[in-house]
Amino acid sequence: MALSFNQKGKLVKNEDLLIKLKAEWFERFDDILANKTTALSNLKCLELCEARCCPRVGMRPMAPEKIASPVVVLLPFEMEYIMAKTGVGREVFRLWPIDLTPSLRLEIGTLDLGKPCPFLQDDRLCGIHAHNPLDCRTFPMLPSLNPAGSMEWTLGENCPSIAFLSPAFSDQMKHTWQGLEPHIPRAWWDLYAFADHWTGYPEPSHAD
Ligand code: SF4
Ligand code: SF4
């Protein structure tokens, strides 16, 4: 009995912690979106990719429903934030669990190469542009955490706009991520690094 009491106590604490973490992350996303001084990226998305999303260059002539999304990994609670702001359901994301502790699991939302991004509209613009994932807004910049725990940056090779990337935008994005970094669990960084090498997923077991 003592064991189940303790176990129950742990679960209650985990729920409280999840509620607290979610509120904190929602506040961070609010702050990021409230910043109206975001520097222009200078990327030529509409001109070079005919999109405000990132269909790869070879996909440009394809119909929107055929365009697989890039691999997008949402931050902790970013899926819940987008759901709250746009009204979309959890079923449009692929869920990838990460364990914060042996008894505390977070479900990270991803948009992957297994199917076109559900937010890509027929006009090839992002249907949730005002709330699209920070990963989308950061591309072609790709953050990573090195083994020493410091952030590093690379550029997505398949972006035809890299040469135009504004240093002011780049600095601002780095600053934004630097502010988030202390709150991002290592397991998320591992998932993000792993996702960079995904070439596609097996179909999910449930019917989409
Ligand atoms: S690949 Fe580059 S240019 Fe094309 S939509 Fe993405 S960020 Fe813009
Ligand atoms: S959320 Fe928007 S920007 Fe991101 S992959 Fe989907 S359509 Fe593109």
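Our structure's up above, just so we're on the same page.
Residues numbered from 1 in each chain as written. Chains lettered and ligands numbered in written order. Predicted model: local features only at pLDDT ≥ 70, side-chain atom pairs only at ≥ 80, totals over all residues. Heavy atoms only, no water.

Novice: Just to check I follow, could you spell out the site of ligand 1 for this structure?
Specialist: Close to ligand 1 lie Leu43, Cys45, Cys49, Cys53, Cys54, Phe139, Cys159, Pro160 and Ser161, which account for all nearby residues. Grouping the amino acids of the shell around ligand 1 by side-chain chemistry returns eight nonpolar, one polar and no charged. (Near = heavy atom within 4 Å. Nonpolar A, V, L, I, M, F, W, Y, C, P; charged D, E, K, R; others polar.)

Novice: Teacher, can you tell me more about the site of ligand 2 here?
Specialist: Inspection of the region around ligand 2 gives Cys53, Val72, Leu111, Cys117, Phe119, Leu120, Cys126, Asn132, Pro133 and Cys136 as its neighbouring residues. By residue class, the composition of the shell around ligand 2 is nine nonpolar, one polar and no charged.

Novice: When you look at the nonpolar core in this model, what are you seeing that I'm missing?
Specialist: Within soluble globular proteins, side chains that are nonpolar generally end up buried alongside one another. Residues Trp25, Val73, Leu75, Trp177, Ile184, Trp188 and Trp189 are the most contacted members of the largest nonpolar core, which totals 32 residues. Breaking this core down by element, the ones donating at least two residues are α1 (2–34), β3 (104–111), β4 (141–145), α5 (167–180) and α6 (186–195). Residue contributions to this core peak at five residues, all from α6. Listed in part, the 14 residues of the second largest apolar core include Ile67, Leu74, Leu111 and Phe119. (Core = buried A, V, L, I, M, F, W, Y, C linked by side-chain atoms within 4.5 Å. Buried < 20%, exposed > 50% of the residue type's maximum accessible area, 1.4 Å probe, protein only. Helix = DSSP H or I, 4+ residues; strand = E, 2+ residues; numbered from the N terminus.)

Novice: For this particular structure, what's the right way to read unusual backbone geometry?
Specialist: Glycine aside, residues mostly have negative phi, and peptide bonds are mostly found in the trans state. The omega torsion of the bond from phenylalanine 139 to proline 140 falls at 15 degrees, within 30 degrees of zero and hence cis. Turning to its location among the elements, proline 140 is positioned in the loop between α4 (134–138) and β4. Residues other than glycine seldom take positive phi values, yet phenylalanine 77 does so here, at roughly 65 degrees. Counting through the fold element by element, phenylalanine 77 comes out in the loop between β1 (72–73) and α3 (78–86). Here phenylalanine 77 falls in the buried class, since its relative accessible area comes to 7%.

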